[in-house]
Amino acid sequence: MGLLYCIYFALLAFDFFASLFFLKTAVIKLLSVLLFISLIIDALAAFNNFKNFLFYALFTPVEYILVSLILTRHLKQRTVNHLVILTIILFTVLCFFSIRVNETDEYPSSITSVEDLLTTIWCLVCFFYIEPLEEVSIIKRPIFWITLGFFIYNLGTIGVNAIYNTWITNQKDLATYIHKIINVSFNILLYILLAIGIIGHKWDKKYIQQ
Amino acid sequence: MGQEIYTAIISVSILLLILALIIPLIIINYKKKQEIYLLERRKMQEEFEKQLMQSQLEVQEYSFHQISEELHDNVGQLLSTTKMLLGITERNLGETPDSLRTASETLGKAIQDLRSLSKSLSNEWLHQFNIIENLQGELDRLKAAKQIEVSLKANVHVLPLEPQEQVMLFRVMQEALQNSIKHARASEIQVSIEVRGDIIYLCLSDNGLGFNMDEAGKNGVGMMNMKHRVKLLNGSIEWTSSEASGTKVEINLPVQKPVV
């Protein structure tokens, strides 16, 4: 488990520093901010031995705002952009109430699930609205890898996040263990795909032309 | 513990299944959009080239028209006046010297040639332009001036093309004729025009020196113009050239169908 955490932190740090080299686009700028905040939050959570979930409760709306903007930033559809803003407002309100209702040592299971669900939807929207760039294949488009990372991560963690609080009352140790394993594994996968997406800007014609 | 493993396996399987379904869909969707995008871009490029060529042709036709007017109104008038003065001189002299008669005849021929040249450059006759008639006139002029054996065979009297398109095609054939005379130094030129079902076929062959296709293709502005013009008519043009058998230019065009 310790090794997985080390890989996870190393990849998160790598992605953050790599993103600093490609700050020309709004997507990378937002991603860079997200990775920086993630790094701080995860470091604070690690110091607290992952007992105080207030960090996550505060981080969740910030994460959702940044991720939804990253995913929909390049979309030209005004309806989608308006919907994103609407969900950001609603989700922030929901998070605020959730913090007031829940205990700080309780994992924000419901809002995380809502976030996962909404992000998965934006990922799908983003996938189907990626504008073609000349003869460039989709796998050579950085936005594809970034979206794929968020898509797999959210889809993979949505189930365990949703049932975590219920599960923990019956089998605390197992639930905590499985939750950590799944979260860390999918985070590693997310940061690998984000790294491909960030470094992929080096070969992205559109980015080079900027 | 067994139940959790099952749960984990099922979760991962569902995730993989979703990914297996969604990722090909995303790729197919992107490819479709890319095809549409590339097709639209190609169409726009072609449209742009057409517009560019069209404006170039308009400028060229305008220049030809100006030259034609200049030849007819200025040079033609000067030559006519000269011929008239020669005629007066002939009459005043009583007995006309041979050299003066020859000069008068040569001048008469020059006026005739100038008129036909002026006519071939002018675009006033655009609306009733007939490529076959004009090509025959052009060949007759060449035959008279350059002592070249030329022949024209056509299985129709009028080509099923708009007059403007016939002018464009005429310019292509003029260019091909010029190439045969100037560069290939041909002594025999054969031109044939045929309508074969839905295809208009034009062929110009000569017994000239031939040329290197690769070099001519790279540097020849004339050949490039010919290609562009034929492309504007939605046709194709091909050159076959060898030192032994001269050069053959073949043009295939679709017959214009009336819009219902």
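Numbers given for residues are sequential positions, taken from 1 along each chain in its written order. In the order they appear in the text, chains get letters beginning with A and ligands get numbers beginning with 1. Under the rules for a predicted model, residues below a pLDDT of 70 receive no local features and side-chain atom pairs below 80 are neither given nor counted, while totals for whole chains, interfaces and linings still include all residues. Side-chain measures here rest on the full set of heavy atoms in the structure, leaving out hydrogens and waters.

**Quick look at the side chain of Asp42(A)**
All names here are of chain A. The cut-off we apply is this: Numbering of helices and strands starts at the N terminus; helices are DSSP runs of H or I of at least 4 residues and strands are runs of E of at least 2. Exposure is judged per residue with a 1.4 Å probe applied to protein chains only, and the accessible area is read against the type maximum: over 50% gives exposed, under 20% gives buried, and values in between give partly exposed. A residue counts as positive if it is Lys or Arg and as negative if it is Asp or Glu; His and the chain ends are not included. Between Lys or Arg on one side and Asp or Glu on the other, a salt bridge is scored when a side-chain nitrogen of the former is within 4 Å of a carboxyl oxygen of the latter. By definition in these notes, contact holds between two residues if any of their heavy atoms fall within 4.5 Å.
Inspection of the secondary structure assignment puts Asp42 in helix H2 (residues 26–47). Lys180 provides the closest opposite charge to the buried, unpaired Asp42, separated from it by 12 Å. Apart from residues no more than four positions distant in its own chain, Asp42 is found in contact with Tyr8, Phe9, Leu12 and Tyr56.

**Things to note about the nonpolar core**
Defined as follows: Side-chain atoms within 4.5 Å are what join buried Ala, Val, Leu, Ile, Met, Phe, Trp, Tyr and Cys residues into a set we call a nonpolar core.
Counting 60 residues, the largest nonpolar core has Leu31(A) and Phe150(A) as the members making the most contacts within it. If you list the elements that add at least two residues to this core, you get helix H1 (2–19), H2, helix H3 (54–72), helix H4 (78–101), helix H5 (109–128), helix H6 (142–170) and helix H7 (172–199) of chain A together with helix H1 (2–93) of chain B. Residue contributions to this core peak at nine residues, all from H6(A). When residues no more than four places from it in sequence are discounted, the contact partners of Phe150(A) are Leu31(A), Leu34(A), Val67(A), Ile70(A), Leu71(A), Cys123(A), Leu190(A) and Leu194(A). Grouped together as the second largest cluster of nonpolar side chains are 40 residues, Leu139(B), Leu152(B), Ala186(B) and Val249(B) included.

**Thoughts on the packing of aromatic side chains**
Definition in use: Think of it this way: a Phe, Tyr or Trp ring, Trp meaning its six-membered ring, pairs with another when their centres are within 6.5 Å, and the plane angle makes it stacked under 30 degrees, edge-to-face over 60, tilted otherwise. Both a distance and an angle decide whether a charge sits over a ring: NZ of Lys or CZ of Arg must be within 6 Å of the ring centre and within 35 degrees of the ring normal.
Taken as a whole and judged by the stated rule, the model has ten aromatic pairs over all chains. With 6.3 Å between their ring centres and 70 degrees between their planes, Tyr5(A) and Tyr8(A) make a pair best called edge-to-face. With a gap of three residues between them, Tyr5(A) and Tyr8(A) both fall in helix H1, about one helical turn apart. Take Tyr5(A) and Tyr8(A): they sit in the same class, and that class is buried. Members of the aromatic cluster, each reached through a chain of ring pairs, are Tyr5(A), Tyr8(A), Phe9(A) and Tyr191(A). If you follow Arg196(B) out to its NZ or CZ, it ends over the ring of Tyr201(B), 4.0 Å from the centre.

**Digging into the pairing of strand E2 (residues 188–196) of chain B**
Residues and elements named next belong to chain B. As a reminder of what qualifies: DSSP calls a pair of strands paired once it identifies at least 2 bridges connecting them.
Of the pairings in the sheet, the one linking strand E1 (residues 149–154) to E2 comprises six bridges and is parallel in character. From the neighbouring strand, Ala154 faces E2, where its bridge partner is Ile193. As judged from the eight bridges shared by E2 and strand E3 (residues 199–206), these two strands associate in the antiparallel manner. Bridging across to E3, Ile189 finds its partner in Asp206. Between E2 and E3, which follow one another and run antiparallel, lie two residues, and Gly197 among them has a positive phi close to 65 degrees.

**Points about the pairing of strand E4 (residues 236–242) of chain B**
Residue and element names in this part refer to chain B. Of the two faces of E4, only one is covered, namely that formed by Ile237, Trp239 and Ser241; the face formed by Ser236, Glu238, Thr240 and Ser242 stays uncovered. Pairing of E4 with strand E5 (residues 246–254) involves seven bridges; the strand directions are antiparallel. When the sheet's bridge partners are listed, Glu238 is paired in E5 with Glu250. Counted along the chain from E4 to the antiparallel partner E5, the turn is three residues long.

**Section: H2(A)**
Put simply, the rule reads: Here a helix's expected span is defined as the number of its residues, less one, multiplied by 1.5 Å.
Under the 1.5 Å per step criterion, the end-to-end length of H2(A) is 32 Å for 22 residues, consistent within 8% with the ideal 32 Å. On the buried face of H2(A), the contacting elements are H1, H3, H6 and H7 of chain A.

**Brief notes about the confidence of the model for chain B**
Residues and elements named next belong to chain B. Where we set the bar: As a per-residue measure, pLDDT reflects the predictor's confidence and takes values from 0 up to 100.
Looking at chain B, the pLDDT average stands at 83 and 91% of residues meet or exceed 70. Within chain B, no element has a lower average pLDDT than helix H5 (residues 213–219), which sits at 65, and none a higher one than E3, at 93. With pTM at 0.62, the complex prediction returns an ipTM value of 0.75.

**Looking at the pattern of salt bridges**
Two side chains bearing opposite charge may form a pair once their charged atoms approach each other closely. In total, this model carries six salt bridges over all chains according to the counting rule given. Of the charged contacts, one joins Glu135(A) and Arg41(B) as a salt bridge, the two residues approaching to 3.6 Å between their closest N and O atoms. Taken together, the residues Glu135(A) in the loop between H5 and H6 and Arg41(B) in helix H1 connect one chain to another. Assessed through its relative accessible area of 55%, Glu135(A) is described here as exposed. Through salt bridges that share partners, Glu134(A), Glu135(A) and Arg41(B) make up one connected network.

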